[in-house]
Amino acid sequence: MGKIIAFLNQKGGVGKTTTCVNMSAYLAKMGKKVLLVDIDPQGNASSSFGFEKEKKYKTIYDIMSGQANITEVIIPTKVAQCDLIPSDVDLAGAEIEMVHMKKREKVLKEILDEVKDIYDYICIDCPPSLGLITINALTACDSVIIPMICEFLAMEGITQLMYSIKLVKKHLNEAISIEGIVLTMKNARSTLYATVADNLKKYFKDKVYDTVIPRNVRLAEAPSYGEPIVLYDPKCPGALAYKALTEEFLSKQ
């Protein structure tokens, strides 16, 4: 049975989608069968794999609204063994529609349960908010990976995030756990990283990954070419960091 991991941080611009996309790609490259589920209406994870919105593929919205079966929506990506359920702006209206649904917090869980046995890992790229769609991801997942930047202000938002996870654990998904925290966008010239990392490790201990993702132009460029970094530039510092992070993740399974 596959493991479902939500990549989540309600603060935007912290490398959440970049981490989800590139870990999914490296997991597949390392022999795992992976499904990336994009539940962010911005669809950045989808475009990072070359999903062209104008082609009008069916998306996660079609599944959640009952207009399509999950097997109709899954598409292969450029990375062998890594499939995608894309998203687009239509998903923005889904939260309003879901308000009146029965078991509205478990819509995504019931969808993913259909294919959980097919994949080793199902990676969910969540929107940068703590709304109903994100609650669906937390209800469906086994664990959460939290990417965050190496800044003090980023630590303030994690308190709210942990409170939300605690509520979901109490009321909707008692099995949920923190898989790990990834520090991203490290500036080589800054000494702030070590202080932030130390503070995080005091609270989260070994949940903080040793691998840190540096600021890297090639990482920022790759989505515009519709490729994860393992295809776009596998030898750049960002690629080597995500490869090391994925290996560290697998070593803890």
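The structure we're discussing is the one just above.
Note that the structure is a prediction, hence the values are computed from the model and not measured. (Residues numbered from 1 in each chain as written. Predicted model: local features only at pLDDT ≥ 70, side-chain atom pairs only at ≥ 80, totals over all residues. Heavy atoms only, no water.)

What follows is about the pattern of salt bridges. By the definition in use, this model includes 12 salt bridges. In this structure, the salt-bridge partner of E110 is K103, at a minimum N-O distance of 3.1 Å. E110 sits in the partly exposed class, given a relative accessible area of 42%. A salt bridge links K252 to E248, with the shortest nitrogen-to-oxygen separation between them at 3.7 Å. Through salt bridges that share partners, R218, E221 and D233 make up one connected network. (Salt bridge = Lys/Arg side-chain N within 4 Å of Asp/Glu carboxyl O. Buried < 20%, exposed > 50% of the residue type's maximum accessible area, 1.4 Å probe, protein only.)

Relative orientation of the contacting elements helix α1 (residues 16–29) and helix α12 (residues 237–251) amounts to 70 degrees, with a least axis distance of 9 Å. Between α1 and α12, the angle is such that the two are roughly perpendicular. Of the two elements, α1 crosses α12, and the hand of that crossing is right-handed. Between α1 and α12, the contacting residues are T18, T19, N22, M23, Y26 and L27 on the first element and A239, Y242, K243, L245, T246, F249 and L250 on the second. (Axes fitted to C-alpha atoms, helices over the stretch in contact; angles between N-to-C directions. Helix = DSSP H or I, 4+ residues; strand = E, 2+ residues; numbered from the N terminus. Parallel < 35°, antiparallel > 145°, perpendicular 65-115°, else oblique. Left-handed = near helix turned anticlockwise from the far one by under 90°. Contact = heavy atoms within 4.5 Å.)

With 55 residues, the main nonpolar core has I39, L112 and L200 as its most contacted residues. Apart from the residues lying within four places of it in its own chain, the contact partners of L200 are M148, M155, I158, I181, L183, K205 and V208. By size, the runner-up hydrophobic cluster in this structure holds 35 residues, among which are I5, F7, Y209 and I229. (Core = buried A, V, L, I, M, F, W, Y, C linked by side-chain atoms within 4.5 Å.)

Below, the discussion takes up α1. In this model, α1 (14 residues) spans 20 Å end to end at C-alpha, consistent with the 20 Å of a helix rising 1.5 Å per residue. Within α1, 12 of the 14 residues are buried, leaving the element largely enclosed by the surrounding structure. Residue G31 follows α1 closely and has a positive phi angle near 95 degrees. (Expected span 1.5 Å × (residues − 1).)

Take the sheet that holds strand β2 (residues 34–38) next. Sheet strands associate in pairs through backbone hydrogen bonding, adopting either a parallel or an antiparallel arrangement. Strands sit in the order β3-β4-β2-β5-β1-β6-β7 across an open sheet of 7 strands; the sheet is mixed. On the outer flanks of this sheet lie β3 (75–76) and β7 (177–184), each paired with one strand and no other. Strand direction decides the pairing type here: strand β1 (residues 3–7) and strand β5 (residues 121–125), joined by 5 bridges, are parallel. Paired with I4 across the two strands is I122, which belongs to β5. Strands β1, β2, β4 (82–85), β5, β6 (143–149) and β7 of the sheet are contacted by α1, whose axis makes an angle of about 165 degrees with β5. (Pairing = 2+ DSSP bridges.)

The next thing to look at is α12. Compared with an ideal rise of 1.5 Å per residue, which puts 15 residues at 21 Å, α12 spans 21 Å between its outermost C-alpha atoms and is within 8% of the ideal. The set of residues buried in α12 consists of G238, A239, A241, Y242, L245, T246, E248 and F249.

Attention shifts here to the packing of aromatic side chains. The tally for this structure, following the rule as stated, stands at 4 aromatic pairs. Here the aromatic rings of Y203 and F204 are separated by 4.6 Å at their centres, their planes lie at 80 degrees, and the arrangement is edge-to-face. Relative accessible area serves as the criterion here: at 9%, F204 is assigned to the buried category. (Phe/Tyr/Trp six-rings, centres within 6.5 Å; stacked < 30°, edge-to-face > 60°.)

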